[in-house]
Amino acid sequence: MELHVANHPLIDHKVTILRDKDTTSPVFRLLVDELVTLLAYEATRHVRVEEREVETPLTRTVGTRISDPQPIIVPILRAGLGMLDGMTRLMPNAEVGFLGLKRDEETLEAITYANRLPDDLTGRQVFLIDPMLATGGSLIMAIEYVLERGATDVTCVCLLAAPEGIENVRRAVGDRANVNVVVACVDEKLNEVGYIVPGLGDAGDRLYGIVDH
Ligand SMILES: O=P(O)(O)OC[C@H]1O[C@H](OP(=O)(O)OP(=O)(O)O)[C@H](O)[C@@H]1O
Ligand SMILES: O=c1cc[nH]c(=O)[nH]1
Ligand SMILES: [Mg+2]
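In the annotation of an unreviewed UniProt entry, the chain is listed under the name Uracil phosphoribosyltransferase and assigned to Demequina capsici. Its UniProt record, at the heading Catalytic activity (unreviewed entry), says of the chain: "UMP + diphosphate = 5-phospho-alpha-D-ribose 1-diphosphate + uracil". UniProt, in the comment section headed Sequence similarities (unreviewed entry), describes the chain in these words: "Belongs to the UPRTase family."

**Student:** A description of the layout of surface pockets should follow, citing residues and the corresponding values.
**Tutor:** Of the voids in this model, the largest pocket is the one considered here, and its volume is about 510 Å³. Arg103, Glu105, Met132, Ser138 and Asp202 are the residues nearest the centre of the largest pocket, which is lined by 27 residues in total. Those elements that place two or more of their residues in the lining of the largest pocket are β4 (72–77), β6 (98–103), β9 (132–133), α4 (137–148) and α6 (203–208). Partitioned by chemical class, the residues of the lining of the largest pocket number 13 nonpolar, 8 polar and 6 charged.

**Student:** Outline the nonpolar core, listing residues and values.
**Tutor:** Formed by 35 residues in total, the largest nonpolar core has its most connected members in Leu18, Val32, Ile73 and Met87. Those elements giving two or more residues to this core turn out to be α1 (9–19), α2 (25–43), α3 (84–90), β8 (125–129), β10 (153–161), β11 (178–186) and α6. Ranked by the residues each element gives to this core, the list is headed by α2, at 8 residues. Every residue in contact with Met87, bar those within four places of it in the chain, is listed here: Val36, Ala40, Ile73, Phe127 and Ile129.

Parameters at a glance
- Residues numbered from 1 in each chain as written.
- Chains lettered and ligands numbered in written order.
- Predicted model: local features only at pLDDT ≥ 70, side-chain atom pairs only at ≥ 80, totals over all residues.
- Heavy atoms only, no water.
- UniProt positions renumbered as here; feature names shortened; annotations may be inferred.
- 1 Å grid on protein atoms, 1.4 Å probe; cavity = no way out; pocket = protein on both sides within 12 Å on 5 of 7 lines; lining within 4 Å.
- Points joined across faces, edges and corners; volume = space filled by probe spheres on them.
- Helix = DSSP H or I, 4+ residues; strand = E, 2+ residues; numbered from the N terminus.
- Nonpolar A, V, L, I, M, F, W, Y, C, P; charged D, E, K, R; others polar.
- Core = buried A, V, L, I, M, F, W, Y, C linked by side-chain atoms within 4.5 Å.
- Buried < 20%, exposed > 50% of the residue type's maximum accessible area, 1.4 Å probe, protein only.
- Contact = heavy atoms within 4.5 Å.

Encoded structure:
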């Protein structure tokens, strides 16, 4: 597993506003969308391309286009949905699959409640998107899910990550596949109830409102 931390002043500026408990949902959603666009630059660095001829006003030349099979973007519901538009805007031909995971707030274990993904992901580039990597349980479950279906190239795009979660993902994935994790920021730690500190709270609630856990 390879970790990429964005380390960019514009990204840090926007993340700081996300952290602010007084930032409202509409602003939060807008910032998440903007941050994805910035992170996608790094996350899509190795997207597969093929040659394509193009005729400029001056001459013919050879450029590139994203090759088939198109990448597949998988938001981890709910919070990952907030990152979907930003990714599809940049890769409009990508396919989209859905994975609904909910962390049990007592055991901190992820539970799958929905999935809508092709059974066969052989040879596909997969982009898993979820703003929060806390214990890593949810992301590990999602990575396992797509690896079991044949994906060999997985890029996870997250906003905030806890060091403990990154280590857990690293240990779980080992050197089995080409797994990249791109994050805006690595925070200090997890607190005693599994929340990222300083963090931003519950990303799903901040995007879409509070629900019963
Ligand atoms: O690394 P972990 O310890 O597994 O925690 C991270 C997960 O928790 C959040 O989702 P949550 O379960 O709150 O669901 P939601 O998106 O519906 O709010 C977050 O979006 C991740 O999926
Ligand atoms: O800090 C955290 C941890 C898990 N999920 C969140 O949304 N936030
Ligand atoms: Mg949540």
